[in-house]
Each structure stands twice: as C-alpha cells, then as structure tokens.
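What follows is each chain in one-letter form.
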Amino acid sequence: MLEYPCLTSDPNQANAIYLPYYAAIDALRYLYGPEVNNSMEHGLELYDYLQDNEGWIWSRNHGADHFLVMSRPAWDFSQAVDVDPPIWGTSFLELPEFYNVTVLIVEGRAWPWQEQAVPYLTSFHPPNLGFLESWIKRVKVSKRTTLMLFAGGGGVGSTPNIRRSIRNECESSNFSSNSDIYVNNGEGFDYPKTRKVCDIVDCSNGICEHDPIRYMRPMLQATFCLQPPGDTPTRRSTFDGILAGCIPVFFEELSAKSQYGWHLPEEMYRDFAVFIPKEDVVLKGLRILDVLTGIPRNEVLRMREKVIELIPRVLYRKHGSSSGLRARKDAFDIAVEGALQRIDSRLKASDFDQ
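- Per an unreviewed UniProt entry, the chain carries the name exostosin heparan sulfate glycosyltransferase -related and comes from Salix purpurea.
- UniProt's Subcellular location (unreviewed entry) comment on the chain is quoted here verbatim: "Golgi apparatus membrane".
- Its UniProt record, at the heading Sequence similarities (unreviewed entry), says of the chain: "Belongs to the glycosyltransferase 47 family."

**Section: the state of the cysteines**
Item 1. Counted under the stated rule, the structure contains 3 disulfides.
Item 2. Each disulfide pairs two cysteine sulfurs, and for Cys203 the partner residue is Cys208, the sulfurs being separated by 2.0 Å. Negative torsions about the S-S bond denote left-handed disulfides, and the value of about -80° found for Cys203 with Cys208 makes this one left-handed. Accessibility classification places Cys203 together with Cys208 in one group, the buried group.
Item 3. Here Cys225 connects covalently by a disulfide to Cys246, the sulfurs 2.2 Å from one another. Between Cys225 and Cys246 the disulfide shows an S-S torsion of about 110°. By sign, it is right-handed. Here Cys225 is found in strand E7 (residues 222-227), whereas its partner Cys246 is found in the loop between helix H7 (237-243) and strand E8 (247-250), with 21 residues between them in sequence.

**Some remarks on the sheet that holds E7**
Item 1. Taking strand neighbours across the sheet as the criterion, the 5 strands line up as E6-E5-E7-E8-E9 in an open arrangement whose pairing is parallel. Each of the sheet's edge strands pairs with one partner strand only, and the pair in question is strand E6 (196-202) and strand E9 (274-275).
Item 2. For strand E5 (residues 146-152) and E6, the ladder comprises 6 bridges, and the chain directions are parallel. Bridging across to E6, Thr146 finds its partner in Lys196.
Item 3. Sitting on the sheet, helix H6 (residues 213-220) touches E5, E6 and E7, and the angle it makes with E6 is about 165°.

**What about the pattern of salt bridges?**
Item 1. For the structure on display, the rule yields 21 salt bridges.
Item 2. Two residues, Arg60 and Asp65, come together in a salt bridge whose shortest N-O distance is 3.2 Å. For the pair Arg60 and Asp65, one class covers both residues: buried.
Item 3. Arg167 is the salt-bridge partner of Asp202, the closest N and O atoms lying 3.9 Å from each other. Taken together, the positions of Asp202 in strand E6 and Arg167 in helix H5 (residues 162-171) put the pair 35 residues apart, joining distant regions of the chain.
Item 4. By relative accessible area, which is 34% here, Asp202 ends up partly exposed.
Item 5. Bridged by salt links that share partners, the residues Asp26, Arg29 and Glu45 form one connected network.

**Details of the side chain of Thr232**
Item 1. Within the secondary structure, Thr232 is located in the loop between E7 and H7.
Item 2. Here Thr232 falls in the buried class, since its relative accessible area comes to 18%.
Item 3. Not counting residues up to four positions away in its chain, the partners in contact with Thr232 are Pro73, Trp75 and Glu107.

Conventions used here
- Residues numbered from 1 in each chain as written.
- Predicted model: local features only at pLDDT ≥ 70, side-chain atom pairs only at ≥ 80, totals over all residues.
- Heavy atoms only, no water.
- UniProt positions renumbered as here; feature names shortened; annotations may be inferred.
- Disulfide = S-S within 2.5 Å.
- Buried < 20%, exposed > 50% of the residue type's maximum accessible area, 1.4 Å probe, protein only.
- Helix = DSSP H or I, 4+ residues; strand = E, 2+ residues; numbered from the N terminus.
- Pairing = 2+ DSSP bridges.
- Contact = heavy atoms within 4.5 Å.
- Axes fitted to C-alpha atoms, helices over the stretch in contact; angles between N-to-C directions.
- Salt bridge = Lys/Arg side-chain N within 4 Å of Asp/Glu carboxyl O.

What follows is the structure in structure tokens.
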C-alpha cells in the first residue's frame, strides 16, 4: 500500500481511507487466547481509536469511505454479538460500528454488500517483469502428463462428501499410468500414453504450508485441478492452480464464481473453468473422469490459454518490484481499484453528511 502511486497525507483530498489494521492477527487472542470469552468485543478497540484520533475523518461519512483487509474467511469474524456462550469466531463483521466499511477478505459471505473476496496469497511474488514472463513461458511449455489433480487433505472418513468421492475415484480408477484413455464418441480429449489419470498431493496436517514445490510441480504437470470445498467453500489452491496453468474444476459456485468478481469476472467462468455440482458426484454417482474426458481437445487447450491469461490478475507482485512489472495490474491493483469504485458509488448513493 505504501507503494501505491496515489497516496495523500491530507484526508480532505482522499477518496478513501485505508486502515492498516491486521484483523486476523488481532483475532488470535479471541480465537485461541485469553479473550476467547469476549470475542464479541473484537474490533471495538479499533473503533475507539478511530473516534479518539481525528475522529472527524471517520464521522464525516460514518466510515463509508474506509476500507481494510481481513486475511481469514468472513465466517471467522461473523459470530452473532449476542451468542452466549460464544462459539467459533469473533463478531467483528457483526458490529454495527463497522457496517459501512468496505472489507477486502479472502472469502466473503453471500449477502453483505461490504464484503468483497480477493485472491489468497500464493508463494509466487515476482520482483520484475522478466521473472513473470519467464514463469508464464514455463507454464505454457509444461508437459501435462496428469489428467486431474487434487492437492489437499480431508476425505479420509466414512462420511460421504466431495473430497471422499474424489479420493475414491482416484484410488479405484481402472487406468494405470501406462494406459490409454479411449473416448468412444471421438470428440473427447486425445490423451497420450504414459499418462496418470488422477494424482493426489496429500497436504494433511499442514505439511504443504511451507513447501510450495510439493504441490506446484504436480500442478504444472496436470491438465485439471480439482477444487472441492472443505471447511469453507474457497481454497488457496484455486490460485496456486491458476498460476500453474491448471484448469480449475469447481463443485460449488461459492468456491469462486460468486466470490472473486473483481479478479475473475463471472461471465468468464465458462472460458477457463469446469463446474460439476458436488451433489451429482456424491449422491448421483457422476464420475468426474467422464465429465473431463468428454471435453474436446481444442476446448481444453483454449481453456488453458485463458487460465494463463489470468495469471497476472491473481498474483501479488513483490514489494519494491520493477517499474515494468508495476505497469501491469496485479491482484493488489485490481483490489484497490475495486474498493475505490465501491466506496465512490456507496457515497453517491447515500445521504451522509459531508
């Protein structure tokens, strides 16, 4: 944010006010620490600070020109204020004091206007344009020797769910790594020999958190990356997969389509992603493999090209990056631009006292 080219130290000249508040870090004391029984108070210290320090900046638009970032899903900040005893989460997003603030968050809920999902951070932050272009070139020439890949945990219990179905289908596949896949209608993808049908990168117990090579290399070798929901609908893996040129396969619209409208416009989804309702897989026995092998080869190639085009939109460049790279919009630029537009429209549509 400090490198943003249109900063001002004069609040009267500002179109928006950014709050450099680390909401997720501050939440830890309420989620796991000594304040767990006072989780409904999360955010009140921030509000008091904004009132006590040049409070006119906040009060002129009742916070409607302010925005902040929250790096956990919205559900972690959405506990009802009057819940007793407290359950999981804090009540930050339920506090009336912050109803007017625009919140950039990795996963939003379906209804609050102020929550806008932005891409998860990945492990790729290029410092210059040459580095980015070199990566994109590598993605384009990478040999896709695996049909579909799932990188993640879960799905090991007996309870039916989409992750369990994915693991079952991978484990029970009749195709070995040296088998051909034949498509009877002649219109499906022409898969070569020595191809792995399905690969699973087990990321249980956080073993992938600090080892991106563990999942990025298999993603570079995969045609489709399966993105099933887990505890919440969205996944960081969606953006890791896009960076690897791996076509995402979603099983819920809340996993991406209804979340990341600024970075992944809804009208583009059919161009770069596959959607398979999880109910069809879990309850009706639809095989993911049948759906993917039924997609024509030229369509798969076209979708991968579109995924690769999206790479600059979902990555966060390294701070202090070259001017050439800064000339291209990344996820940060798109997020700030969207926040400014939303705040502007909000102010124009409201009757706040100026």
